[in-house]
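Fold and contact review
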Amino acid sequence: MPTSSASTNDTAKSNGGGVQSLERAFDLLERMADAGGEVGLSELSASSGLPLPTIHRLMRTLVACGYVRQQPNRRYALGPRLIRLGESASRLLGTWARPYLARLVEETGETANMALLDGDEIVYVAQVPSKHSMRMFTEVGRRVLPHSTGVGKALLASFPPEEVRALLSRTGMPAATERTITTPDGFLAALEDVRRTGYAVDDNEQEVGVRCLAVSVPDSPTAAAISISGPAGRVTEAATDKIVPVLQQVALELSEALATQNQT
């Protein structure tokens, strides 16, 4: 029985030697995540350039596997089975990062963290605590909103302003302290500072008495940032000049290590 052209196209190899249907399916999942986790077929067709029958066939398979679910309004949402994959991948990423965080602690003396952007939230995936008796702790797995954190600023600095505004409209901007930025314009101005200086600062914005310095991990397979945090009396402006170059160098080395892992 001859194979239909649609079927042939779905199972054909891509230019990179992979299976085209798999590449398309993962691309659709990424596009759903970028859109906030729920989209319609026509939106996916417009953004991906794929014909509706192809998208419908791929989505039907993803629904059957539990990676996507169809809503009563006929739109599609990311499915619960992705949670287990994401949590496992986050733990593994945190494991890879720990030696680099340990180096940050040795060179700066302050607690080091790694965080990811998961949907609209920041999730901490790894931490190595400072050896000081007075030190900062952030529970691994903790989720926070990005507008009040250094890692949130570092992660969102590369996003277009309209995407940042859309995220902030979904999450709101509650004040954690009196120093928290609570307006979109104020936050966008802070992101401009991150792009100009190459690092982000949380200056008593998430917790009174605590300062955090953060940088993004370049070319990370998922949006990631590393940071150090400590008492404001130790993480001073003078200390910032010494800490930021260390943060940037460790982020670069971590990026290279992650790229090597992806190639193996």
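Residues numbered from 1 in each chain as written. Predicted model: local features only at pLDDT ≥ 70, side-chain atom pairs only at ≥ 80, totals over all residues. Heavy atoms only, no water.

1. Here's the deal with the overall build of the chain
- Of regular secondary structure, the chain possesses 9 helices and 9 strands.
- The 264 residues of the chain split such that 42% are buried.
- Considering only intrachain contacts with a sequence separation of at least 6, the fraction spanning at least 24 residues in the chain is 54%.
- Put simply, the chain shows about 13900 Å² of open surface, and 53% of that area lies on carbon and sulfur atoms. (Helix = DSSP H or I, 4+ residues; strand = E, 2+ residues; numbered from the N terminus. Buried < 20%, exposed > 50% of the residue type's maximum accessible area, 1.4 Å probe, protein only. Contact = heavy atoms within 4.5 Å. Areas by Shrake-Rupley, 256 points an atom, 1.4 Å probe, with all protein chains shown as cover.)

2. Points about helix H4 (residues 52-65)
- Helix length check: H4 (14 residues) gives 20 Å between terminal C-alpha atoms against 20 Å at 1.5 Å per residue, within 8%.
- Along H4, the residues that are buried comprise Thr54, Ile55, Leu58, Met59 and Leu62. For H4, the angular spread of buried residues about the axis comes to 125°, placing them on one side. The exposed residues of H4 that point more than 90 degrees off its buried face are Pro53, Arg60 and Ala64. (Expected span 1.5 Å × (residues − 1). Arc of directions from axis to C-beta.)

3. Side note on the pairing of strand S7 (residues 200-203)
- Burial along S7 is one-sided: the face carrying Ala200 and Asp202 is buried and the face carrying Val201 and Asp203 is not.
- One ladder, built from 4 bridges, connects S7 with strand S8 (residues 210-216); its direction is antiparallel. Paired with Ala200 across the two strands is Ala214, which belongs to S8.
- Counted between consecutive antiparallel strands, the loop separating S7 from S8 contains 6 residues, among which Asn204 sits at a positive phi close to 65°. (Pairing = 2+ DSSP bridges.)

4. Regarding the sheet that holds strand S5 (residues 121-128)
- Across the sheet, which stays open at both edges, the 6 strands sit in the order S6-S5-S4-S9-S8-S7 with antiparallel pairing between neighbours. Looking along the sheet, the strands with just one partner apiece sit at the ends: strand S6 (143-144) and S7.

5. So, a negative patch on the surface
- Residues Glu30, Asp34, Glu162 and Glu163 make up a contiguous surface patch of negative charge.
- Taken together, the elements giving at least two residues each to the negative patch come down to helix H2 (20-34) and helix H7 (161-171).
- Position of Glu30 relative to the elements: it lies in helix H2.
- In this structure Glu30 comes out as exposed when scored by relative accessible area, which is 52%. (Patch = residues over 30% accessible without salt bridge, like charges linked within 9 Å, V, L, I, M, F, W, Y side chains within 5 Å. Salt bridge = Lys/Arg side-chain N within 4 Å of Asp/Glu carboxyl O. Lys, Arg positive; Asp, Glu negative; His and termini not counted. Charge placed at Lys NZ, Arg CZ, Asp CG, Glu CD.)

6. Some thoughts on the pairing of S5
- Burial of S5 is extensive: 7 of the 8 residues sit out of reach of the surface.
- In this sheet, S5 lies alongside strand S4 (residues 111-118) in antiparallel orientation, the contact comprising 7 bridges. Within S5, the position partnered with Asn113 by the bridge is Gln127.
- Connecting S4 to the next strand, S5, in antiparallel fashion are 2 residues, including Gly119 with a positive phi near 65°.
- Where S5 meets S6, 2 bridges bridge the pair, whose relative direction is antiparallel. Paired with Val123 across the strands is Arg143, a residue of S6.

7. Quick look at the environment of Leu188
- By the element assignment, Leu188 lies in helix H8 (residues 184-197).
- Look at Leu188 and you get buried, because its relative accessible area is 17%.
- Considering only alpha carbons, one finds Leu188 and Pro161, 27 residues apart in sequence, at a separation of 7.1 Å.
- For Leu188, the contacting residues outside a window of four places in its chain are Pro161, Val164, Arg165 and Arg195.

8. With respect to the nonpolar core
- Ranked by internal contacts, the top residues of the largest apolar core, which has 28 residues, are Leu101, Leu104, Met114, Leu213, Ile226, Ile228 and Leu247.
- If you list the elements that add at least two residues to this core, you get helix H5 (81-108), S4, S5, S8, strand S9 (224-231) and helix H9 (237-263).
- At 9 residues, the largest contribution of residues to this core is made by H9.
- In terms of nonpolar packing, the next biggest core, distinct from the first, is built from 23 residues, Ala154, Leu156, Phe187 and Ala200 among them. (Core = buried A, V, L, I, M, F, W, Y, C linked by side-chain atoms within 4.5 Å.)

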